[in-house]
Amino acid sequence: GIHVHDVATGQTAALGAGAHPRFSPDGGRLVFDRCADDGDALTGCSLWMADLTGPAPVLREIRGAHPMARHPALSPDGTHIAYDADGRIWVGRLE
């Protein structure tokens, strides 16, 4: 699973299952993927974002991404997300 630790407060939060976490350039958000498998191959993935600016992380699923989206990254200004799916790089605008 994914855990975040706030050095300023000393608090650690568990965000649940996930992989390939990436912080936004300002450190206020974290994107990651969550995938399911059948024991042999991946069967689906989703992208998630954690808002880390409040007293506790707030999670939301990023809708509209490819059903096998993995390895997310945010643009420097935080308005776009890029990810890998089916051997291609996809880019989308965050709203």
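Quick note: structure is the one above.
Residues numbered from 1 in each chain as written. Predicted model: local features only at pLDDT ≥ 70, side-chain atom pairs only at ≥ 80, totals over all residues. Heavy atoms only, no water.

**Concerning the overall build of the protein**
1) Next: The number of helices and strands found in the protein is zero helices and nine strands.
2) Next: Going residue by residue from the N terminus, the α and β elements of the protein occur as β-β-β-β-β-β-β-β-β.
3) Next: Relative to the globule expectation of 12 Å for 95 residues, the C-alpha radius of gyration of the protein, 14 Å, shows essentially globular dimensions.
4) Next: Its C-alpha atoms give the protein principal-axis dimensions of roughly 40 × 30 × 15 Å.
5) Next: Put simply, the protein has 95 residues, and 29% of those count as buried.
6) Next: Contacts spanning at least 24 positions in sequence make up 27% of the contacts within the protein whose residues lie at least 6 apart.
7) Next: Counting every atom, the protein has about 5,900 Å² of accessible surface; 53% of that belongs to carbon and sulfur.
8) Next: When the 8 basic and 12 acidic side-chain charges of the protein are each reduced to a single mean position, those positions are 4 Å apart. (Helix = DSSP H or I, 4+ residues; strand = E, 2+ residues; numbered from the N terminus. Rg over C-alpha atoms; globule rule 2.2 N^0.38 Å. Buried < 20%, exposed > 50% of the residue type's maximum accessible area, 1.4 Å probe, protein only. Contact = heavy atoms within 4.5 Å. Areas by Shrake-Rupley, 256 points an atom, 1.4 Å probe, with all protein chains shown as cover. Lys, Arg positive; Asp, Glu negative; His and termini not counted. Charge placed at Lys NZ, Arg CZ, Asp CG, Glu CD.)

**Focus: the pattern of salt bridges**
1) Next: Counted under the stated rule, the structure contains one salt bridge.
2) Next: The partner of Arg-63 in a salt bridge is Glu-61, with the nearest N and O atoms 3.3 Å apart.
3) Next: On the basis of relative accessible area, Glu-61 is assigned to the partly exposed category, the value being 26%. (Salt bridge = Lys/Arg side-chain N within 4 Å of Asp/Glu carboxyl O.)

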